[in-house]
Amino acid sequence: MNQYYQNVSGPNSCYEQVGRRFQRMVSDPKVQKYQAVTITRRHDEPLEAWNRILQELDDTDGITVERTCPNSVRIGWKRYPDC
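Criteria and thresholds
- Residues numbered from 1 in each chain as written.
- Predicted model: local features only at pLDDT ≥ 70, side-chain atom pairs only at ≥ 80, totals over all residues.
- Heavy atoms only, no water.
- Core = buried A, V, L, I, M, F, W, Y, C linked by side-chain atoms within 4.5 Å.
- Buried < 20%, exposed > 50% of the residue type's maximum accessible area, 1.4 Å probe, protein only.
- Helix = DSSP H or I, 4+ residues; strand = E, 2+ residues; numbered from the N terminus.
- Pairing = 2+ DSSP bridges.
- Phe/Tyr/Trp six-rings, centres within 6.5 Å; stacked < 30°, edge-to-face > 60°.
- Lys NZ or Arg CZ within 6 Å of the ring centre and 35° of its normal.
- Axes fitted to C-alpha atoms, helices over the stretch in contact; angles between N-to-C directions.
- Contact = heavy atoms within 4.5 Å.

It is worth spelling out the nonpolar core at this point. Within the largest apolar cluster, 16 residues are counted, with the highest numbers of intra-cluster contacts made by F22, I39, V73 and I75. Elements with a contribution of two residues or more to this core: α2 (11-27), β1 (36-40), α4 (47-58) and β3 (72-77). Per element, the largest residue contribution to this core is five residues, and it comes from α4.

See below:
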């Protein structure tokens, strides 16, 4: 396992680190322009943390999660106009 995850205790900390990686990728201006991103699970990311993030995204209105490979997903969303 990568040192990045070894220095953190508990499954919630791993979950938070995976979540921050997702957040950084989604926040990229190029990604925001296209409103979609493909993310591949790193070999050092715990599967439990990865699956928990994906489940939460799946449960969120306006977000589409498409599993493209066993360890890769495409996440898309639409920006809704302000009413």
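This part covers the pairing of strand β2 (residues 63-69). With six bridges connecting them, β2 and β3 associate as antiparallel partners. The residue bridging T64 from the neighbouring strand is G76, located in β3.

Attention shifts here to the packing of aromatic side chains. For the structure on display, the rule yields one aromatic pair. Centroid distance F22 to W50: 5.3 Å. Interplanar angle 70°. Geometry classified as edge-to-face. With a gap of 28 residues between them, F22 in helix α2 and W50 in helix α4 connect regions that are remote in the sequence. The class of F22 is buried, set by a relative accessible area of 5%. In this arrangement the basic side chain of R52 is found over the ring face of Y15, its NZ or CZ atom lying 3.6 Å from the centre.

Next up on the list: the sheet that holds β3. Taken in spatial order, the three strands of this open sheet run β1-β3-β2, and their pairing is antiparallel. Unpaired on one side and paired on the other, β1 and β2 mark the two borders of the sheet. Taking each pair of neighbouring strands and ignoring which way they run, the sheet shows an average axis angle of 20°. Where α4 meets the sheet, its contacts fall on β1, β2 and β3, and the angle it forms with β2 comes to roughly 140°.

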